[in-house]
Structure formats: structure tokens, C-alpha cells
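Examination of the molecular architecture
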There are 2 protein chains.
Amino acid sequence: MEHRQEVSKAVIQRLPRYYRNICELKAEGAQRISSRALAERMGLTASQIRQDFNCFGGFGQQGYGYNIEKLQEELGAILGLRAGRTAILLGAGNLGRALLNNFNFSASGFELLCAFDASPELIGRSFGGYEVRDAKELDHYIDELHPDVAVLTIPRGNAPAIARSLVERGIRGLWNFTGEDLHLEGLGVPVENVHLSDSLMTLCQLVGMAEENED
Amino acid sequence: MEHRQEVSKAVIQRLPRYYRNICELKAEGAQRISSRALAERMGLTASQIRQDFNCFGGFGQQGYGYNIEKLQEELGAILGLRAGRTAILLGAGNLGRALLNNFNFSASGFELLCAFDASPELIGRSFGGYEVRDAKELDHYIDELHPDVAVLTIPRGNAPAIARSLVERGIRGLWNFTGEDLHLEGLGVPVENVHLSDSLMTLCQLVGMAEENED
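Definitions and cut-offs
- Residues numbered from 1 in each chain as written.
- Chains lettered and ligands numbered in written order.
- Predicted model: local features only at pLDDT ≥ 70, side-chain atom pairs only at ≥ 80, totals over all residues.
- Heavy atoms only, no water.
- Helix = DSSP H or I, 4+ residues; strand = E, 2+ residues; numbered from the N terminus.
- Buried < 20%, exposed > 50% of the residue type's maximum accessible area, 1.4 Å probe, protein only.
- Areas by Shrake-Rupley, 256 points an atom, 1.4 Å probe, with all protein chains shown as cover.
- Contact = heavy atoms within 4.5 Å.
- Buried area = accessible area lost by both parts, 1.4 Å probe.
- Salt bridge = Lys/Arg side-chain N within 4 Å of Asp/Glu carboxyl O.
- Nonpolar A, V, L, I, M, F, W, Y, C, P; charged D, E, K, R; others polar.
- Axes fitted to C-alpha atoms, helices over the stretch in contact; angles between N-to-C directions.
- Parallel < 35°, antiparallel > 145°, perpendicular 65-115°, else oblique.
- UniProt positions renumbered as here; feature names shortened; annotations may be inferred.
- Domains from an automatic or database assignment.
- Right-handed = clockwise from strand over helix to strand, strands pointing away.
- Least-squares fit on C-alpha atoms with pLDDT ≥ 70 in both.
- Pairing = 2+ DSSP bridges.

**Describing the overall build of chain A**
A count of helices and strands for chain A gives 9 helices and 9 strands. The dimensions of chain A, computed from C-alpha atoms along their principal axes, are 60 × 50 × 35 Å. Going through the 215 residues of chain A one by one, you find that 51% of them count as buried. For chain A, the computed accessible surface area is about 10,300 Å², with 45% contributed by carbon and sulfur atoms.

Written as C-alpha cells, this is what we have:
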């Protein structure tokens, strides 16, 4: 599918939002939706949506709109949600445990296998049904089970070195919560750097703008 | 500042990334940067950056680029990071505690005042220096201290009702981790809905695309 290599990062990042909204629409019992209604729901333009979907062959029918079930399957396939990929989680501190207890990894395309930590108080315990293994076992575990991606909920400072060693051992993607940016160019694998501060700063700005509108 | 009302949501969401990168550059000792170098660093185009900054009056000088110190101040002012806004956090479970222990609220524009929870095991304890107060005291606390925003790290199910009651009591923005989307139109205040699944699904897609490129 050569045309997929030309899909921009901006479109790639919109696809999960589309998927999430389609899943909600399905749960609400909707069977179809026009690009205009979807655009309104998502705060986009209908032409943006059509343009985005056309990158993947287009899914709608003139006069009908999009079939929700079909769109969910197509988007799910593009996102690779059913490709059977696996993940491990490094760092069972508060944030790691929050993900283990509450985050639905499989709905986002990954079966979480287990967690790793160096702390004796955490090793051997389970959170959300996932076992916390000794960090000393990590290399061996990766060699035996070949997890696809690693979730980094470890403290700042070690992330670049740990990331390099994971990639050398075959890890093919990183979900990075450490706050230290890791880069594809440096590592050779995709990285999603999560920056919660971006979201809160956006809120700060929006609250300020709402104040100005009151004056 | 009327022109700010015309700034698109897309630009608003890019500003925190600009600010974060400028802060990193400053920490690296840089004093100035060209729009081209900034674009390369951030995976954007130089013209996008210039266009974005022109929404706020433009900050650079032809031939010089941008002064990092000045840009940090200007962006910080636009984001409202020094406007003295305050926040409270509802729900001191794992995710709430992860934020209390590790997240730098003031660097994102908000002084966090305290947390609230209904659980006797958590009430009266401190995490990251923040006290967990009894959820029963919440209404009174808001009436007395008028926090600007609330961070919702409570379970799904209650979010819409709790959000409405917070807004009625004067809360002016919500940072929503519950997974249930809350909407500005329904509430009348800005809401940042955090969806970690969007980020992991993006990673899933990128890992799949990297596999295809290997074939």
C-alpha cells in the first residue's frame, strides 16, 4: 500500500479521534453518519474529513454518508488494532499502576503482557490483573517473548539509555511518559512522547481567552 | 486584543509545543533560533511557524530569527502561565496521585491548591505536598477559595453531573481524565478531555507502517 507512506503525520494523528468518535456513535446506536454531522461532532470541516478518508481510499457513499459499522472496521484495520501486537510496561509507580488498573490497552491495539519494576515492594504484586516482574528479568523476557512495544512510566533521567537498549533488543515502538522526549531519528523506531503539560497549557490559554471575552 | 478571538483551535494547541521546545532550547543554552531550525526540530514547516506566530503579532526579526528569551516570555504571556490561576484535583486514586506526585502544575499555569477524595483511607494524607481533603468539603471550599479549574481524575460515570455542578459553583475550566468527553457547548467553560488512547493508537499505526516499510 504505497500511498500510505505518503500519509501525513497530521492525518495519522486524527485517525484515533475518528475511531473513538465512531465507536461512541456505534454505542449510541447510530448506523450511519454524514461527513457534515461527523464534522460538527468533532469540530472539523466536512471537507477535512473527506480529504483524510480519501488518503485511504475513501469510505463513504454520495447521498448516504458513512456506514458506522464499516467505518469502524476500516479505521480499526488501518490503525492495526487487531494485528495482535503486544506491550510491556516499565515502571510500576503511581502512573504505571494507573495505566495497569484502568487503561484498556487491547482497545488501543496492544495486549499488555506484564509490568517490570526494580522495587522489592512491587515485584510479585499484581495490578489490574498484570504481574509486576523483577526488572532484572527484562532482557531475558524480551529475548523469549518479543513484545512489540514498551510503555515507559519510569522516572526521568534514564529514558534515553533504557530506550536505546530496548530497541537494540528488538522493541519496535515506545509509549513514553517520562517527560524526556525520545526521537525516532535517534532510535529508528516510532515513539509517542506523552506531554500532559501541553493539554493543561491549552486549557490555561482557553480559560484566559474566555475571561477576555467576558470583559 | 480582538485578533486573538480569531485564532484557530489548531494554533492554540500548537502553542504549548512551541513553548516546551523553546524552554528546552533555553535549557540547552541557545539564545536564538531561526524559524527553519525550529521547524526542523519540531517536525513542522518554517512557514507554518511564521504563520502561527503572526496570529499574535509576530516575534522574529528578518535575518536574526527569534530571540529565545523573548519568545519564551511572549509565549508564556499568551498562554497565561503567570496569570496566577489555581486548580483543585478531584479523585486521589492512582492517576490523581501520579499527578500530585510528579506533575508540575505551576509550570503549566496553575497553582494546585489541594485534592479531594471520598475515601477514608486517603482523606488527610498528603501526596507531593498536597493535602487530600474530604469530598464533603468541596462545595464550601469552592465558595471560599474560588479555584479557577478542576482536574477530574475520578471514575467514569459521574463526570457529566459533577462537571455541571462544578461549573454552576464557578469553576471556569476542566482538565478531564475520566475518559467520558465533556463539552464546552454543554457546560459553557473550556474543557480539555485527555484521551491517552489516541496516543497509543497512533503508535500502533506507526509501528504497523514501519513493518510495511520493512517488507
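**Points about the interface of chain B and chain A**
If you look at the interface, chain B gives 59 residues, while chain A gives 60 residues. Taken as a group, Leu200(B), Met201(B) and Gln205(B) account for 13% of the area that chain B buries against chain A, more than any other trio of residues on that side. Taken together, chain B and chain A are joined by 8 salt bridges. Measuring nitrogen to oxygen at the nearest pair gives 2.8 Å for the salt bridge that ties Asp198(B) to Arg20(A). Elements with a contribution of two residues or more to the side of chain B that touches chain A: helix H1 (9-27), helix H4 (68-79), helix H5 (94-102), strand E8 (173-176), strand E9 (191-193) and helix H9 (196-214) of chain B. Tallying contributions element by element places H9(B) first for the side of chain B that touches chain A, with 18 residues. Its residues assigned to classes, the side of chain B that touches chain A comprises 32 nonpolar, 15 polar and 12 charged.

**Focus on the packing of helix H1 (residues 9-27) of chain A against helix H2 (residues 35-42) of chain A**
Residue and element names in this part refer to chain A. At a minimum axis distance of 11 Å, the contact between H1 and H2 shows a crossing angle of 105°. Relative to H2, the element H1 lies roughly perpendicular. Touching Arg-17, Tyr-18, Asn-21, Ile-22, Glu-24 and Leu-25 of H1 are Leu-38, Arg-41 and Met-42, all from H2. Here the contact of H1 with H2 is composed, by residue class, of 5 nonpolar, 1 polar and 3 charged.

**Brief notes about the UniProt feature "domain: CoA-binding" (unreviewed entry) in chain A**
With numbering aligned to this structure, UniProt lists the feature "domain: CoA-binding" (unreviewed entry) at residues 80-181 of chain A. When the span residues 80-181 of chain A is considered, its composition is 26% helix and 28% strand, and the gap between its end C-alpha atoms is 25 Å.

**Overview of the pattern of salt bridges**
With the rule as written, the count across this model stands at 30 salt bridges over all chains. With a shortest N-O distance of 3.0 Å, Arg41(B) and Glu24(B) are connected by a salt bridge. Of this pair, Arg41(B) sits in helix H2 (residues 35-42) while Glu24(B) sits in helix H1, placing them 17 residues apart in sequence. Classification of Glu24(B) by relative accessible area gives partly exposed; the value is 25%. The network of salt bridges with shared partners includes Arg85(A), Asp148(A), Arg172(A) and Glu211(B).

**Focus on the domain arrangement of chain A**
Considered domain by domain, chain A is made up of domain 1 (9-78) and domain 2 (85-197). For domain 1 of chain A and domain 2 of chain A, the distance between their C-alpha centres works out to 31 Å.

**Points about the pairing of strand E4 (residues 110-117) of chain B**
Of all 8 residues that make up E4(B), 6 are buried, and the element is covered over most of its length. With H5(B) bridging strand E3 (residues 85-90) of chain B and its parallel neighbour E4(B), the resulting β-α-β unit is right-handed.

**Concerning the packing of H1(B) against helix H3 (residues 46-54) of chain B**
All names here are of chain B. Axis separation between H1 and H3 bottoms out at 11 Å; the angle between their running directions is 105°. The orientation of H1 with respect to H3, classified from their angle, is roughly perpendicular. In this structure, H1 contributes Val-11, Arg-14 and Tyr-18 to the contact, and H3 contributes Gln-48, Ile-49, Asp-52 and Phe-53. Counted by class, the contact of H1 with H3 contains 4 nonpolar, 1 polar and 2 charged residues.

**Describing the relation of the copies chain B and chain A**
Each copy of the sequence occupies a distinct position, and chain B is placed on chain A by a rotation of 180° and an axial shift of 0.0 Å, giving an RMSD of 0.0 Å. Between the two chains, the operation in question is that of a two-fold axis. A shared interface surface links the copies, since 100% of the contact residues of chain B are contact residues in chain A too.

**Things to note about the side chain of Asp52(A)**
Mapping Asp52(A) onto the fold places it in helix H3 (residues 46-54). Discounting chain neighbours no more than four positions away, the residues touching Asp52(A) are Val11(A), Arg14(A) and Tyr18(A).

**Regarding the sheet that holds strand E5 (residues 126-127) of chain A**
The strand order across the open sheet formed by 7 strands is E5-E6-E4-E3-E7-E8-E9 (chain A), and the pairing between neighbours is mixed. Two strands bound the open sheet, and with one partner strand each, they are E5 and strand E9 (191-193) of chain A.

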